Amino acid sequence: MLAYTYVEPGHFALLDKPKPVLRDVRDAIVRVTLSSICTSDLHIKHGSVPRAVPGITVGHEMVGVVEQVGEAVQTVKPGDRVTVNVETFCGHCFFCQNGFVNNCEDPDGGWALGCRIDGGQAEYVRVPYADQGLNRIPDGVSDRQALFTGDILATGFWAARISEIQPSDTVFIIGAGPTGICTLLCTMLRNPRRIIVCESDPVRRRFVQEHYPDVLTVSPAHALEFVRHNSGHGGADVVLEVAGTDDSFRLAWECARPNAIVTIVALYDQPQVLPLPDMYGKNLTFKTGGVDSCDCAEILQLIAAGELDTTPLITHIFPLSEIDAAYALFEGKRDHVIKVAITTEE
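Caption draft 1: Region of the structure containing the overall build of the protein. Along its length, the protein carries twelve helices and 17 strands. The C-alpha atoms of the protein give a radius of gyration of 20 Å, which matches the 20 Å a tight globule of 346 residues would have. Principal-axis analysis of the C-alpha atoms gives the protein an extent of 55 × 40 × 40 Å. Out of the 346 residues belonging to the protein, those deemed buried represent 57%. Counting contacts in the protein only where the partners sit at least 6 residues apart, residues at least 24 apart contribute 71% of the total. By element, 49% of the accessible surface of the protein is carried by carbon and sulfur atoms, the whole surface being about 14800 Å². A distance of 3 Å separates the average location of the 28 positive side-chain charges in the protein from that of its 44 negative side-chain charges.

In structure tokens form, the structure reads like this:
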């Protein structure tokens, strides 16, 4: 089968690999119908994910059709259309039982697919712990509608959930890339009083303005003054940082009011510094870490009910055979790209 592979830092290649097989009674084999390229894939490519294993098939955001299941799998069967969870988790350890599935104690727990074990930018993928890692797609929901359920939409949902957003809040979201927009959509489900999105790219600001006209937008250069002017207590009640730069990290806590919650959603290339003398007296609560992607069933129901729609994010579709060109477009941020979908059904 064709599989896009992490060869070495700086080098991915489309290789011919054996089709995956069941290794455990809790595994499933999924025929991938649609996958996507994520910024985290670029982090792997450029060597900023040390735990990524050379030789693995990349890709951790995908949907497909179950082809085979191990004898212990109970929740899905061959022929089911499914989303694949970005997290691998056993469902039984202390962390899983408490909803902290990113910290599953299994050796392959957490973000494994497309990082430490073969992922889904391929024709087939093996999914460990299939009862936890797969969710059936409701009737009437397309592959495109469901594509982001297991990763960036789950991330946005998790981020909004842990941020304790209240109806009276002003929420400030930094970054209007794919994960930022998914975070925006999930924040909108909680109906805060005001949402402000900060984005440096004018094309992406226009995207937010056109699709979500009730949301305010601002560039980073004017963000601090704008947020203070449009907030009731000198800053945002909740800040969600989804951009992942040194400047956006600082902007996050600067734009927060005293005693606010600052949720760090982004993955950084470099360590960040908390300048505690500058922050003294703000009494901020920081929430950080990888997504606990255990809300996929609820997300799919919201999609089926028409309350979540991420299809506008898919700006380009390429066949798997042209995935090199897809990566070049996505990494180069050309042609107003937001998300690129990869299809195996040419």
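The rest of the description comes next.
Caption draft 2: Geometry of the pairing of strand β1 (residues 2–8). Judged from the six bridges that link them, β1 and strand β2 (residues 11–16) form a sheet pairing that is antiparallel. Across the sheet, residue E8 finds its bridge partner in β2, namely H11. Counting the residues in the hairpin turn of β1 and β2 gives two residues, including G10, whose phi is positive at 90°.

Caption draft 3: Representation of the environment of H316 within the structure. Inspection of the secondary structure puts H316 in strand β16 (residues 314–319). The class for H316 is buried, based on a relative accessible area of 11%. Spatially, the C-alpha atoms of H316 and T179 are 17 Å apart, while their sequence positions differ by 137 residues. Those residues in contact with H316 that lie beyond four places of it in its chain are L329, R334, D335, H336, V337, K339, V340 and A341. A polar side-chain atom of H316 sits 2.8 Å from a polar atom in the side chain of T315.

Caption draft 4: Region of the structure containing the packing of helix α5 (residues 152–162) against helix α11 (residues 296–304). Where α5 meets α11, the axes come as close as 10 Å, and the angle between the chain directions of the two elements is 100°. One element, α5, and the other, α11, form an angle in the roughly perpendicular class. Between α5 and α11, the residues in contact are L153, A154 and F157 and C296, E298, I299, L302 and I303, respectively. Looking at side-chain class alone, the contact of α5 with α11 contains seven nonpolar, no polar and one charged residues.

Caption draft 5: Here's a closer look at the layout of surface pockets. Its volume calculated, the second largest pocket comes out at about 240 Å³. Forming the walls of the second largest pocket are 15 residues, and the residues nearest its centre are P18, P20, R23, D118 and R126. Taken together, the residues of the lining of the second largest pocket break down into eight nonpolar, two polar and five charged.

Caption draft 6: Quick look at the side chain of D80. Along the polypeptide, D80 turns up in the loop between β4 (62–69) and β5 (81–84). A polar atom in the side chain of D80 sits 2.9 Å from the backbone nitrogen of K77. Non-local contacts of D80, meaning those with residues more than four positions away in its chain, are made with G64, V65, V66, T75 and R136.

Caption draft 7: Structural context of unusual backbone geometry. Despite not being glycine, N191 has its phi angle at roughly 55°, a positive value. Checked against the element boundaries, N191 lands in the loop between α6 (178–188) and β11 (194–198). Since its relative accessible area comes to 55%, N191 is described here as exposed.

Caption draft 8: Highlighting the environment of T245. Position of T245 relative to the elements: it lies in the loop between β13 (236–241) and α9 (246–254). For T245, a relative accessible area of 37% puts it in the partly exposed group. Taking C-alpha positions, T245 is 41 Å from V73, a pair spaced 172 residues apart along the chain. Once you skip the residues sitting within four places of it in the chain, T245 turns out to touch Y268 and Q272.

Caption draft 9: The sheet that holds β13, seen in detail. Across the sheet, six strands lie side by side as β12-β11-β10-β13-β14-β15; this open sheet has parallel pairing. Both edges of this open sheet fall to β12 (216–218) and β15 (285–288), since each of them pairs with a single strand only. With strand direction ignored, the average angle separating the axes of adjacent strands in the sheet is 20°. Seen against the sheet, α9 touches β10 (170–174), β11, β13, β14 (256–264) and β15 and runs at an angle of roughly 145° to β14.

Caption draft 10: Spotlight on the pattern of salt bridges. The final tally for this structure, using the stated rule, is 13 salt bridges. In this structure, the salt-bridge partner of E254 is R250, at a minimum N-O distance of 3.0 Å. Of this pair, E254 and R250 are both found in helix α9, four residues apart, which corresponds to roughly one turn of the helix. According to the relative accessible area criterion, E254 is partly exposed, its value standing at 23%. In this structure, R250 and D278 form a salt bridge, with 3.6 Å as the shortest nitrogen-oxygen distance. Pair noted here: R250 is in helix α9 and D278 is in helix α10 (residues 276–279), with a separation of 28 residues, a long-range link. Accessibility expressed as a relative area gives 35% for R250, which makes it partly exposed. What makes D278 partly exposed here is its relative accessible area of 48%. Counted as one network, the salt bridges with shared partners bring together R250, E254 and D278.

Conventions used here
Residues numbered from 1 in each chain as written. Predicted model: local features only at pLDDT ≥ 70, side-chain atom pairs only at ≥ 80, totals over all residues. Heavy atoms only, no water. Helix = DSSP H or I, 4+ residues; strand = E, 2+ residues; numbered from the N terminus. Rg over C-alpha atoms; globule rule 2.2 N^0.38 Å. Buried < 20%, exposed > 50% of the residue type's maximum accessible area, 1.4 Å probe, protein only. Contact = heavy atoms within 4.5 Å. Areas by Shrake-Rupley, 256 points an atom, 1.4 Å probe, with all protein chains shown as cover. Lys, Arg positive; Asp, Glu negative; His and termini not counted. Charge placed at Lys NZ, Arg CZ, Asp CG, Glu CD. Pairing = 2+ DSSP bridges. Polar contact = N/O pair within 3.5 Å; in protein donor to acceptor, adjacent residues only side chain to side chain. Axes fitted to C-alpha atoms, helices over the stretch in contact; angles between N-to-C directions. Parallel < 35°, antiparallel > 145°, perpendicular 65-115°, else oblique. Nonpolar A, V, L, I, M, F, W, Y, C, P; charged D, E, K, R; others polar. 1 Å grid on protein atoms, 1.4 Å probe; cavity = no way out; pocket = protein on both sides within 12 Å on 5 of 7 lines; lining within 4 Å. Points joined across faces, edges and corners; volume = space filled by probe spheres on them. Salt bridge = Lys/Arg side-chain N within 4 Å of Asp/Glu carboxyl O.

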